[in-house]
Amino acid sequence: SSGFDDNDVVVIGGGPGGYVAAIKAAQLGLKTTCIEKRGALGGTCLNVGCIPSKALLHSSHMYHEAQHSFASHGVKFSSLEVDLPAMMAQKDKAVSNLTRGIEGLFKKNKVNYVKGYGKLISPSEVSVDTIDGGNTVVKGKNIIIATGSDVKSLPGITIDEKRIVSSTGALALSEIPKKLVVIGAGYIGLEMGSVWGRLGSEITVVEFAPDIVPTMDGEVRKQFQRSLEKQGMKFMLRTKVVGVDTSGNGVKLTLEPAAGGEQTTLEADVVLVSAGRTPFTAGLGLDKLGIETDKAGRILVNERFATNVDCVYAIGDVIPGPMLAHKAEEDGVACVEFLAGKTGHVDYDKVPGVVYTHPEVASVGKTEEQVKESGVDYRVGKFPFLANSRAKAIDDAEGVVKILAEKETDKILGVHIMAPNAGELIHEAVLALQYDAASEDIARVCHAHPTMSEALKEAAMATYDKPIHI
Ligand code: FAD
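In this text, all values refer to a predicted model and were calculated from it rather than measured experimentally.

Participant: Sorry if this is basic, but what is going on with the overall build of the protein chain here?
Facilitator: Per the secondary structure count, the protein chain includes 14 helices and 21 strands. Taking the principal axes of its C-alpha atoms as reference, the protein chain extends roughly 65 × 60 × 50 Å. Here the protein chain holds 470 residues, and 46% of them are scored as buried.

Participant: Got a minute to help me understand the packing of helix H3 (residues 50–68) against helix H4 (residues 84–109) in this structure?
Facilitator: To characterise two packed helices, one gives the angle between the axes of the helices and the distance between these axes. Contact geometry for H3 and H4: axes closest at 9 Å, N-to-C directions at 145 degrees. H3 and H4 meet at a crossing whose hand is right-handed. For the pair formed by H3 and H4, the contact residues are Ile 51, Pro 52, Ala 55, Leu 56 and Ser 59 on the first element and Met 87, Gln 90, Lys 91, Ala 94, Val 95 and Leu 98 on the second.

Participant: Honestly, the sheet that holds strand S13 (residues 264–268) in this entry has me stumped. Any pointers?
Facilitator: Within a beta sheet, neighbouring strands are joined by backbone hydrogen bonds and run either parallel or antiparallel to one another. Taken in spatial order, the three strands make up an open sheet running S11-S12-S13, and their pairing is antiparallel. A single partner strand is all that each edge strand has here, and the edge strands are strand S11 (239–245) and S13. Strand-to-strand twist across the sheet, computed as the mean angle between neighbouring axes with direction ignored, equals 30 degrees.

Participant: Help me out: how do you make sense of the UniProt feature "binding site: NAD(+)" (unreviewed entry) in the protein chain in this one?
Facilitator: Mapped onto this numbering, the UniProt entry gives "binding site: NAD(+)" (unreviewed entry) at Gly 184, Ala 185, Gly 186, Tyr 187, Ile 188, Gly 189, Leu 190, Glu 191, Glu 207 and Gly 276. Within the fold, Leu 190 resides in helix H6 (residues 187–198). With sequence-adjacent residues up to four places away left out, Leu 190 is seen in contact with Ala 185, Ile 212, Leu 228, Val 355 and Thr 357. In this structure, Gly 276 is in contact with Lys 152, Gly 184 and Gly 186, ignoring residues within four places of it in sequence.

Participant: I would appreciate a short explanation of the site of the ligand in the present structure.
Facilitator: Near the ligand lie 36 residues; those nearest to it are Gly 13, Gly 15, Gly 43, Gly 148 and Gly 316. Every element with two or more residues in the shell around the ligand is listed here: helix H1 (16–27), strand S2 (32–36), helix H2 (43–48), H3, strand S3 (112–122) and helix H9 (325–339). Here the residues of the shell around the ligand are counted per class, giving 15 nonpolar, 17 polar and four charged.

Participant: Would you mind showing me how to read the packing of H1 against H9 here?
Facilitator: At a minimum axis distance of 7 Å, the contact between H1 and H9 shows a crossing angle of 35 degrees. The hand of the H1/H9 crossing is right-handed. Residue-level inspection shows Pro 16, Gly 17, Gly 18, Val 20, Ala 21, Lys 24 and Ala 25 of H1 in contact with H9, the latter providing Ala 325, Ala 328, Glu 329, Asp 331, Gly 332, Val 333, Cys 335, Val 336 and Leu 339. By residue class, the composition of the contact of H1 with H9 is 10 nonpolar, three polar and three charged.

Participant: Can you walk me through unusual backbone geometry in this structure?
Facilitator: Geometrically, the link from His 358 to Pro 359 is a cis peptide bond, its omega value of -5 degrees lying close to zero. Its location among the elements puts Pro 359 in the loop between strand S17 (353–355) and strand S18 (360–365). Each neighbour pair has its own omega, and for His 449 with Pro 450 the value is -5 degrees, a cis peptide bond. Relative to the helices and strands, Pro 450 is located in the loop between helix H13 (439–443) and helix H14 (454–464). Positive phi is not limited to glycine here, since Lys 110 has a value of about 60 degrees. Here Lys 110 is to be found in the loop between H4 and S3. You can call Lys 110 exposed: it has 11 C-beta atoms within 10 Å.

Participant: When you look at H3 in this model, what are you seeing that I'm missing?
Facilitator: Think of an α-helix as 3.6 residues a turn; residues three or four steps apart then line up on the same face. A rise of 1.5 Å per residue sets the reference length of H3, with its 19 residues, at 27 Å; its end C-alpha atoms lie 26 Å apart and thus fit the reference within 8%. Among the residues of H3, those classed as buried are Cys 50, Ile 51, Pro 52, Ser 53, Ala 55, Leu 56, Leu 57, Ser 59 and Ser 60. Summarising the contacts, the buried residues of H3 are in contact with H2, H4, H6 and H9.

Participant: Which parts of the structure should I look at to understand the environment of Ala 268?
Facilitator: Inspection of the secondary structure assignment puts Ala 268 in strand S13. Taking the C-beta count within 10 Å as the criterion, Ala 268 has 25 such neighbours and is therefore assigned buried. Considering only alpha carbons, one finds Ala 268 and Arg 444, 176 residues apart in sequence, at a separation of 52 Å. Excluding anything up to four places from it in sequence, Ala 268 contacts Lys 179, Leu 180, Val 181, Gly 250, Val 251 and Leu 253.

Participant: When you look at the nonpolar core in this model, what are you seeing that I'm missing?
Facilitator: Within soluble globular proteins, side chains that are nonpolar generally end up buried alongside one another. Ile 144 and Ile 145 are the most contacted members of the largest nonpolar core, which has 128 residues in total. For Ile 145, the contacting residues outside a window of four places in its chain are Ile 12, Leu 284, Ile 299, Val 312, Tyr 313, Ala 314 and Val 318.

Participant: Explain H9 to me, please; I cannot follow it from the model alone.
Facilitator: With 15 residues, H9 extends 21 Å between its outermost C-alpha atoms, agreeing within 8% with the 21 Å of an ideal straight helix rising 1.5 Å per residue. Burial analysis of H9 places 12 of its 15 residues in the buried class, which makes it a mostly covered element. If you check which residues of H9 are buried, you get Ala 325, Lys 327, Ala 328, Glu 329, Glu 330, Asp 331, Gly 332, Val 333, Ala 334, Cys 335, Val 336 and Leu 339. Considering only its buried residues, H9 is in contact with strand S1 (7–12), H1, H2, H3, strand S5 (135–145) and strand S16 (312–314).

Participant: So what exactly am I meant to see when it comes to the UniProt feature "active site" (unreviewed entry) in the protein chain here?
Facilitator: As annotated by UniProt and renumbered to match this structure, "active site" (unreviewed entry) occupies His 449. Residue classification places His 449 among the exposed residues on the basis of 10 C-beta atoms within 10 Å.

Participant: Is there a simple way to explain the environment of Leu 228 in this structure?
Facilitator: One can find Leu 228 in helix H7 (residues 218–230). When the C-alpha atoms of Leu 228 and Leu 190 are compared, they prove to be 8.7 Å apart, with 38 residues separating the residues in sequence. Discounting residues that sit within four places of it in the chain, Leu 228 has contacts with Leu 190, Met 233 and Thr 357.

Participant: Quick question: what am I supposed to make of the pairing of strand S14 (residues 270–273) here?
Facilitator: Consecutive side chains of a regular strand alternate in pointing toward one face of the sheet and then the other. Here S14 shows no split at all, with Val 270 and Leu 272 on one side and Val 271 and Val 273 on the other all buried. Note that strand S8 (residues 179–183) and S14 share four bridges and pair parallel. From the neighbouring strand, Ile 183 faces S14, where its bridge partner is Val 273.

The rules behind each value
- Residues numbered from 1 in each chain as written.
- Predicted model: local features only at pLDDT ≥ 70, side-chain atom pairs only at ≥ 80, totals over all residues.
- Helix = DSSP H or I, 4+ residues; strand = E, 2+ residues; numbered from the N terminus.
- Buried ≥ 20, exposed ≤ 12 C-beta atoms within 10 Å, placed from the backbone.
- Axes fitted to C-alpha atoms, helices over the stretch in contact; angles between N-to-C directions.
- Left-handed = near helix turned anticlockwise from the far one by under 90°.
- Contact = placed C-beta atoms within 7 Å.
- Pairing = 2+ DSSP bridges.
- UniProt positions renumbered as here; feature names shortened; annotations may be inferred.
- Near = placed C-beta within 6 Å.
- Nonpolar A, V, L, I, M, F, W, Y, C, P; charged D, E, K, R; others polar.
- Expected span 1.5 Å × (residues − 1).
- Core = buried A, V, L, I, M, F, W, Y, C linked by C-beta atoms within 7 Å.

Structural data, given as structure tokens:
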């Protein structure tokens, strides 16, 4: 026995879903054990996702600013170079500090931490092959599956993490590739393309669909794509990769129009496959217990995060819903609140989405396309950052706020922001949406001057009246 026999909750997976669920469960007085196979907490997000990507986005942005913006602000220097190992070390330091921080939080909250690969052997027992080569069985009244997701590969393409990389390899390249081809124009591809593009790579993004980031509001997307193109990113939309040749030095891709037609070739030093992520349940023992999944392999749960097997729950990337760290965290909290006899709730329609390029694009609620489809009469309030004093003061004024509000009631339906710090600005809109606010409610809140947030206030004025500054 592991000494972990009388848990109230056993969490499999230590990502943002799992570790947050474990901490919250312990805070609610439940005896909790968390099992994680990678030897570090924080999951995909902290180790090979959100955090290292944001570290590199920031570092590469500083370099890009130094190259392209400092002089106009009167800041001069005589030479500038990229020290890639130092940049990677800074990223690694951020990751290791944060993962150790979570271990500290586990200790503080008395969450037991078992390092190893968990497998369900019954609805109350998890067999763990521990990292040190042993095996132990962890028992608990309730089990939460929080095993997350993994990189999705494409048929006929083998990821070697050197020349053909996933996002994980793209976060750790040892040289700046001259030509980087990104397959898939989702947010991960665009973020990693931005990193290497700023450091000097020539970036071509190949996308099967007619649009980049399909979930984005169409009008904002158009502006966003233009902005990325101005930064040097090339897009080949409605295009599929039909062949990959790695016999030479680099990689030679054979492309074909999505609808069929003449083939072309495209050469690259490195190819990033960022065509989505897939739920990770390998070796978990779902079949043996008869836990239901959908066609995509996601574990099916009800509104209490319960699977079809009693006392087994699932949260985060491994269940349906937006595959985002903050959504996984919300799932984790709500799930254990139910277990502790309280009520939890996650509204997936109000989960913000952010693309951390420059400018960033953040949104919450419905796109204009979705509002149209719903048949509701609506108004649009827009305000460009070109008319925002703070954005002009710092000479970083590319972007817009767009608010969609119901015509009859002025109730906010969706908010879309393209701005340098859109990911921070969006939360005022998330709060407003959560409280069923009218656009006028935002407009009548006093916003500090000069801030980028004022653009949100002005866009809000524009849904029912006129903005002041344009
Ligand atoms: P995960 O984070 O995948 O964690 C699951 C954990 O379970 C893993 O550590 C895994 O090792 C462990 N595990 C799996 N099976 C077992 C087992 N049988 N036994 C023991 N342990 C197991 N999201 C955002 O919100 N913002 C971002 O900026 C962002 N950027 C991203 C950038 C990249 C490059 C990538 C790849 C993803 C990004 N994401 C981002 C998505 C985010 O990482 C995921 O949505 C989030 O990590 C999901 O959390 P999770 O806890 O469900 O799963």
